[in-house]
Amino acid sequence: MKFATFGRGGVHPDDRKGLSKDKKIEKLPFPDELIVSMSQHLGAPATPLKKKGDRVERGEVIGSASSYVSSPVHSPADGVVVDVRKVRVPSGAVADALVIKCDETQSDGFKEEFDWKKESPESLLETVKSLGIVGMGGATFPTAVKLSIPMGKKVDALIINGVECEPYLTSDYRLMMERPEEILEGIMAASRIISTSNIIIGIEANKMDAVELLSSLSEKKGYPIKVQPLKMKYPQGDEKQLIKAILNREVPSGKLPLDVGAVVCNIGTTYAIYEAVKFHKPLIERVCTVSGESVNEPKNVFAPIGTKFSDLIAYAGGAKDDLVSLIAGGPMMGFAVADPDTPMVKGSGGVLMLPKMLDDVSFPCVLCGKCVEHCPMGLMPNRMFRNIKYGNYQAAMDLGLMDCKECGCCAYTCPSHLPLVQGFKLGKKLGRMKK
Amino acid sequence: MMRVSSSPHIHGSLRTDKAMLFVIAALLPSALWGIWAFGIRALAVLLVSIASAVVVEYLLGLVSKEFTIRDWSAIVTGLLVGMNMPPSVPLFIPVIASAFAIAVVKWTFGGLGCNWMNPALAGRVFVFFSFSSEMSAFTLPRVFGVNAVASATPLSAMKTAATAGGIGRSTELLTLPVTDFALSLGDKLGISPYAVDAFFGNVGGCIGEVSSLLLLVGGIFLIATHIITWHIPVFYIGSFAILSWLFGGVPYGLGVFHGEILLPIFSGGLMLGAFFMATDWVTTPTTRNGQIIFAVGCGFFTFLIRYFGSLPEGVSLAIILMNIVSPTIERFVKVKPFGYVKSKKEAKA
């Protein structure tokens, strides 16, 4: 079997997936309270439709999409809205949220099966849109927008992202191992929407069992789905790097995968698409890896959206004493959160409890060029950082600051431990303001 | 309350101060060989160089209120200065060299990361031109007898032969002492016995530069630990070797394509320079292509000075010259960002 990868840059962090790799997905019992943010996705936040005191049913729309790049939000449980307030979501942004007190007994819905193969691509797309499916790899781009191919564009490849290159995270891996048939069916539904039969699943070499399982099952079922094993390299799970690795096409700067004829979908998303088209179930729960060196029992849990991190931690046996930081997402691109009551959103693939991982030392930049060598986007982080440090945002943007996707390869390798990614996040914000 | 910081939340193992320690470790085999070969005198030179570098760094720290000794860079500079000294050098010379390296070349420009030429090399070149006779007096290593006498290095002997109008290969031109081992091995492999001695370190020269073998071991260690990449050493030594082969015979009346390769590579400071000085993070370009241009430039100037200049050795000057050019290389040699192929061409069209 030939292993593909992208050419330039990238790093090889220790994957640490062993902590939760063999833990079966467990269903989290409904917590007492859910905090459902209206900003679950990239784009405009949803508009809340319920107010304090209203009853909600599991799967009912509680927030409506407010623009084209937006997505509706559904209630993850039966219960009562006890509060509408501002909360801080994992990314650090503040958004409106409904606090739902869950009922003791929950209805057991979404059992009725629908035959999606009889539906037209347009109505499937409408289903995906109205049920609030968004990209579950972290960026949470509304899936319906991704799957609507504008006039004049041609898509000849559907790439399924099973890379999961972030260390620790195993939620996509567990889904592939435990629900392979469902995932393949979800992929077929997605391919029907964009009408392409060139479908490739990309999976890294540390998940060879998933490669074998999916490829043999796809063959058995007669699906036109190929599985492409990939060499391990971070950030291969990024759309642009994955398209480069599998199709050897470079997405031009500032453009979308559509512009090179590809659509990329994450494994978790295909599972959500499956549930949406087969059972008309909205995206109200997802698999989340609870892992890290500072948690007692690392787990993969199927949890309702809006579950507080503290509930997940309690379910995973609580945190150890050496806990220093709580990360929403993976350790390379995830967000450190201050408050353990921060709620899960649709993009939360993992919650990590880490002991002290960074030594607080820093040296001046020694121009070693490691950041240049490892930048997958071919940028010069050292020069961009220097320009940002001295307030020269325009010069940094001329060097390609806006192409930076904050993957963290530069900061990971920097021997002087400079806060490069932090600088770029700041530089982008201030640079946009100056413009 | 949890600790909040920007991503990434994990970090690779590379760290500037640890990298400095690794460089010291990689230099040690060659330095120890120098001490064994040239005796206690060589040890004294090394210690004086290191001590003066550290003391100067500390004193300047008192002025700038920034104590940077803990990053180990002063010790690396001091060690490199010492390794670039002839074993019999008067002890005040390494003191001046180290002080110049730390105070003038590094500190005045802003300390670690801001110097625009390699401090150790700048220190060596400064004292080389200030005290040229002391800096050119070499002794033979211990293998040739306890009373190791003043002697020529292979490079200076070659230079003398060239100025005298000698014609022929090094084996015909030179009358340097040779070990029996080198004679038999050179005979077996069909190469110059001088090259064999230079490879194993049985020649006169600076303390740290004589054993090409041990420098190679140290260099491979640095490559294996990802502190340097293979590009600069390979392109430096490679370009120098090709130029030597092409034109190295010309000053000896042999015409093109008849130059020697092994002896020039193994003698002088080429190995030390290519693996430890030309790969200095601070004073070399950061892009891969820039590094290759830099390395080829080093090879070219080393060749030019050694064969057509008035000095026998050109490694330190060549590297310093390219250090000066390095910011210019950095300015013009850029990397092509991901996804810039079409859009740029379209914009121009």
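Since the structure is predicted, the reported quantities are computational estimates derived from the model, not experimental observations.

Looking at the overall build of chain B
Secondary structure summary: chain B contains 17 helices and 2 strands in total. For chain B, whose C-alpha radius of gyration is 21 Å, the value lies close to the compact-globule estimate of 20 Å for 349 residues. Along the first, second and third principal axes, the C-alpha set of chain B runs to 75 × 60 × 35 Å. Put simply, chain B shows about 14800 Å² of open surface, and 71% of that area lies on carbon and sulfur atoms. In chain B, the 21 positive side-chain charges and the 15 negative ones have mean positions that sit 12 Å from each other.

Things to note about empty space enclosed by the protein
Taking a probe equal in size to a water molecule and rolling it over the atoms shows the remaining empty space. Residues and elements named next belong to chain B. This structure, assessed with the given rule, holds 9 cavities of 30 Å³ or more. The volume enclosed by the largest cavity comes to roughly 360 Å³. Of all elements in the fold, only α1 (16-38), α3 (73-83), α5 (119-130) and α14 (270-277) reach the threshold of two or more residues within the lining of the largest cavity. Residue composition of the lining of the largest cavity, grouped by class: 17 nonpolar, 5 polar and 2 charged. Of the pockets and cavities examined, the second largest cavity occupies roughly 130 Å³. Forming the boundary of the second largest cavity are Pro154, Leu155, Met158, Lys159, Tyr252, Glu260, Leu263, Pro264, Ser267, Arg306, Tyr307 and Pro312. Elements that contribute at least two residues to the lining of the second largest cavity include exactly α7 (154-163), α13 (262-266) and α15 (288-308). Broken down by element, the residue count for the lining of the second largest cavity peaks at 4 residues, all from α7. Its residues assigned to classes, the lining of the second largest cavity shows 8 nonpolar, 1 polar and 3 charged.

A closer look at the domain arrangement of chain A
Residue and element names in this part refer to chain A. With domains assigned, chain A is organised as domain 1 (111-279) and domain 2 (370-434). Using C-alpha coordinates to define each centre, domain 1 is positioned 30 Å away from domain 2. Around 500 Å² of area is buried between domain 1 and domain 2 when both sides are counted, 50% of it from carbon and sulfur atoms. Contact with domain 2 buries area across many residues of domain 1, yet Tyr234, Pro235 and Gln241 alone supply 62% of it, more than any other trio. Where domain 1 packs against domain 2, one counts 1 salt bridge. Two residues, lysine 405 and aspartate 238, come together in a salt bridge whose shortest N-O distance is 3.3 Å. In this assembly, domain 1 and domain 2 are joined by 5 residue pairs in polar contact (both at pLDDT 80 or more). Residue composition of the side of domain 1 that touches domain 2, grouped by class: 2 nonpolar, 3 polar and 2 charged.

Notes on a nonpolar patch on the surface
Residues and elements named next belong to chain B. A grouping of Trp245, Phe247, Val250, Val256, Phe257, Ile261, Leu262, Phe300, Leu304 and Phe308 is seen on the molecular surface, where their side chains present a nonpolar patch of about 830 Å² in accessible area. For the nonpolar patch, the elements supplying multiple residues, two or more each, are α12 (231-247) and α15. As for its placement among the helices and strands, phenylalanine 247 is situated in helix α12.

A look at the layout of surface pockets
A volume near 830 Å³ is recorded for the second largest pocket. Considering the residues around the second largest pocket, the lining is formed by 38 residues, among which Cys365(A), Leu367(A), Asn382(A), Arg386(A) and Gly113(B) are closest to the centre. Of all the secondary-structure elements, those providing two or more residues to the lining of the second largest pocket are α9 (370-374) and α10 (381-389) of chain A together with α16 (315-332) of chain B. A per-class count over the lining of the second largest pocket returns 20 nonpolar, 12 polar and 6 charged.

Some thoughts on the interface of chain A and chain B
When the parts come together, some accessible area is lost, and that loss is often what is quoted as the size of the interface. Listed per partner, the contact involves 62 residues of chain A and 39 residues of chain B. Counting each side, the surface lost to burial between chain A and chain B is near 4300 Å², with a carbon and sulfur contribution of 61%. Our count for the chain A to chain B interface comes out at 4 salt bridges. Put simply, Arg288(B) and Glu373(A) hold a salt bridge, and the shortest N to O gap is 3.7 Å.

Quick notes on the environment of Pro90(A)
All names here are of chain A. Within the secondary structure, proline 90 is located in the loop between β7 (79-88) and β8 (94-102). With a relative accessible area of 8%, proline 90 lands in the buried category. Taking the C-alpha atoms as reference, proline 90 lies 7.8 Å from valine 345; in sequence the two are 255 residues apart. The contact partners of proline 90, leaving out residues within four places of it in the chain, are Phe309, Ala328, Phe335, Val337, Thr342, Pro343, Val345 and Ser348.

As for the pairing of strand β13 (residues 285-291) of chain A
The side chains of a regular strand alternate between the sheet's two faces. Residues and elements named next belong to chain A. Judged by how many residues are buried, β13 sits mostly within the fold: 7 of 7 residues are covered. Pairing of β13 with strand β14 (residues 299-304) involves 6 bridges; the strand directions are antiparallel. Note on β14: the bridge partner recorded for threonine 289 is asparagine 300. Where β13 meets strand β17 (residues 350-354), 3 bridges bridge the pair, whose relative direction is parallel. Across the sheet, residue serine 291 finds its bridge partner in β17, namely leucine 352.

Comments concerning the packing of α12(B) against α14(B)
Packed helix pairs are characterised by how far apart their axes lie and by the angle those axes make with each other. Residue and element names in this part refer to chain B. Contact pair α12 / α14: the axes reach a minimum separation of 8 Å and the direction vectors enclose 150°. The pairing of α12 with α14 is recorded here as roughly antiparallel in orientation. The crossing of α12 and α14 is right-handed. In contact with Ile232, Pro233, Tyr236, Ile237 and Phe240 of α12, α14 contributes Leu270, Met271, Gly273, Ala274 and Phe275. Partitioning the contact of α12 with α14 into residue classes produces 9 nonpolar, 1 polar and no charged.

Here we look at the environment of Val155(A)
Residue and element names in this part refer to chain A. With respect to the helices, strands and loops of the structure, valine 155 is situated in the loop between α2 (143-147) and β9 (157-162). Residue classification places valine 155 among the buried residues on the basis of a relative accessible area of 11%. Counting along the chain gives 60 residues from valine 155 to serine 215, while the straight-line C-alpha distance between them is 23 Å.

A closer look at the sheet that holds strand β16 (residues 335-337) of chain A
All names here are of chain A. The 6 strands are arranged β1-β14-β13-β17-β15-β16 in an open sheet whose pairing can be described as mixed. The open sheet has two free edges, formed respectively by β1 (25-27) and β16, since each of these has just one partner strand. Strand-to-strand, the axes of this sheet are offset by a mean angle of 30°, without reference to chain direction. Judged from the 4 bridges that link them, strand β15 (residues 325-328) and β17 form a sheet pairing that is antiparallel. Opposite alanine 328, over in β17, you have valine 351 as the bridge partner.

Focus: the sheet that holds strand β10 (residues 199-204) of chain A
Residues and elements named next belong to chain A. Reading across the sheet, the 4 strands line up as β11-β10-β9-β12 and stay open at both edges, with parallel pairing between neighbours. Of all strands in the sheet, those with a lone pairing partner are β11 (225-230) and β12 (262-266), marking the two edges. Neighbour to neighbour, the strand axes of the sheet diverge by 25° on average, direction disregarded.

Reading the values: rules and limits
- Residues numbered from 1 in each chain as written.
- Chains lettered and ligands numbered in written order.
- Predicted model: local features only at pLDDT ≥ 70, side-chain atom pairs only at ≥ 80, totals over all residues.
- Heavy atoms only, no water.
- Helix = DSSP H or I, 4+ residues; strand = E, 2+ residues; numbered from the N terminus.
- Rg over C-alpha atoms; globule rule 2.2 N^0.38 Å.
- Areas by Shrake-Rupley, 256 points an atom, 1.4 Å probe, with all protein chains shown as cover.
- Lys, Arg positive; Asp, Glu negative; His and termini not counted.
- Charge placed at Lys NZ, Arg CZ, Asp CG, Glu CD.
- 1 Å grid on protein atoms, 1.4 Å probe; cavity = no way out; pocket = protein on both sides within 12 Å on 5 of 7 lines; lining within 4 Å.
- Points joined across faces, edges and corners; volume = space filled by probe spheres on them.
- Nonpolar A, V, L, I, M, F, W, Y, C, P; charged D, E, K, R; others polar.
- Domains from an automatic or database assignment.
- Buried area = accessible area lost by both parts, 1.4 Å probe.
- Salt bridge = Lys/Arg side-chain N within 4 Å of Asp/Glu carboxyl O.
- Polar contact = N/O pair within 3.5 Å; in protein donor to acceptor, adjacent residues only side chain to side chain.
- Patch = residues over 30% accessible without salt bridge, like charges linked within 9 Å, V, L, I, M, F, W, Y side chains within 5 Å.
- Contact = heavy atoms within 4.5 Å.
- Buried < 20%, exposed > 50% of the residue type's maximum accessible area, 1.4 Å probe, protein only.
- Pairing = 2+ DSSP bridges.
- Axes fitted to C-alpha atoms, helices over the stretch in contact; angles between N-to-C directions.
- Parallel < 35°, antiparallel > 145°, perpendicular 65-115°, else oblique.
- Left-handed = near helix turned anticlockwise from the far one by under 90°.

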